[in-house]
Amino acid sequence: QVQLVESGGGLVQTGGSLRLSCAASGRTISLYAVGWFRQAPGKERTVVATSALSEYYADSVKGRFTISRDNAKNTVFLQMNSLQPEDTAVYYCAADRSFSSRIASGRADYWGQGTQVTVSS
């Protein structure tokens, strides 16, 4: 019922910035919990940031990344600053119709296809 499409990934140097976008269609997700996850090569998918009843950030990105929404455009963003090589991963957008923090554990109804972020130095 909800489709999510990520965009905005690419290759950046250490210390650079990127803004990822997640465009939702099918239903309005303004009242859904949303989140960003990432998966590096050979590693499990981990939570990056979520927005539900409150915002949550993984310790590794706290102070550098910001999750936000443009409800008029049904879009979620992830602003990534001070990027490090350790941030290299495929980034996935997710949405959960239950407006709670369970999305932080990877529980979500809808997932995007992912967008590659590569940080070089």
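No experiment lies behind these values; they were computed from the predicted model shown.

Some words on the pattern of salt bridges
In total, this model carries 6 salt bridges according to the counting rule given. Across the pair D87 and R64 runs a salt bridge, and its minimum N-O distance is 2.8 Å. Here R64 lies in the loop between β6 (55-57) and β7 (65-70) and D87 lies in the loop between β8 (75-80) and β9 (89-96), a separation of 23 residues in the sequence. Each member of the pair, D87 as well as R64, is classed as buried. For the salt bridge of D109 with R97, the shortest nitrogen-to-oxygen distance reads 3.8 Å. Here D109, found in the loop between β9 and β10 (110-111), pairs with R97, found in the loop between β9 and β10; they are 12 residues apart in sequence, far enough to count as distant. In this structure D109 comes out as partly exposed when scored by relative accessible area, which is 27%. Judged by relative accessible area, which is 58%, R97 ranks as exposed. One salt-bridge network, held together by shared partners, links R38, R64 and D87.

With respect to the pairing of strand β3 (residues 18-25)
Alignment of strand β1 (residues 3-7) against β3, held across 5 bridges, turns out to be antiparallel. When the sheet's bridge partners are listed, Q3 is paired in β3 with S25. Sheet topology places β3 next to β8; 6 bridges connect them, and they run antiparallel. Within the sheet, the bridge partner assigned to A23 lies in β8 and is T75.

Focus on the side chain of D96
Mapped onto the fold, D96 is located in strand β9. A distance of 2.6 Å separates the side chain of D96 from the side chain of R102, its partner in a polar contact. Ignoring anything within four residues of it in the chain, the contact list for D96 reads Y32, A33, R102, I103, R107, A108 and D109.

Topic: the state of the cysteines
Working definition of a disulfide: a covalent bond connecting the sulfur atoms of two cysteines. Per the counting criterion, the structure on display carries 1 disulfide. For C22, the disulfide goes to C93, at an S-S distance of 2.1 Å. Between C22 and C93, the S-S torsion sits near -80°, and that sign places the bridge as left-handed. Separated by 71 residues along the polypeptide, C22 in strand β3 and C93 in strand β9 bring together distant segments of the chain.

About the cut-offs
- Residues numbered from 1 in each chain as written.
- Predicted model: local features only at pLDDT ≥ 70, side-chain atom pairs only at ≥ 80, totals over all residues.
- Heavy atoms only, no water.
- Salt bridge = Lys/Arg side-chain N within 4 Å of Asp/Glu carboxyl O.
- Helix = DSSP H or I, 4+ residues; strand = E, 2+ residues; numbered from the N terminus.
- Buried < 20%, exposed > 50% of the residue type's maximum accessible area, 1.4 Å probe, protein only.
- Pairing = 2+ DSSP bridges.
- Polar contact = N/O pair within 3.5 Å; in protein donor to acceptor, adjacent residues only side chain to side chain.
- Contact = heavy atoms within 4.5 Å.
- Disulfide = S-S within 2.5 Å.

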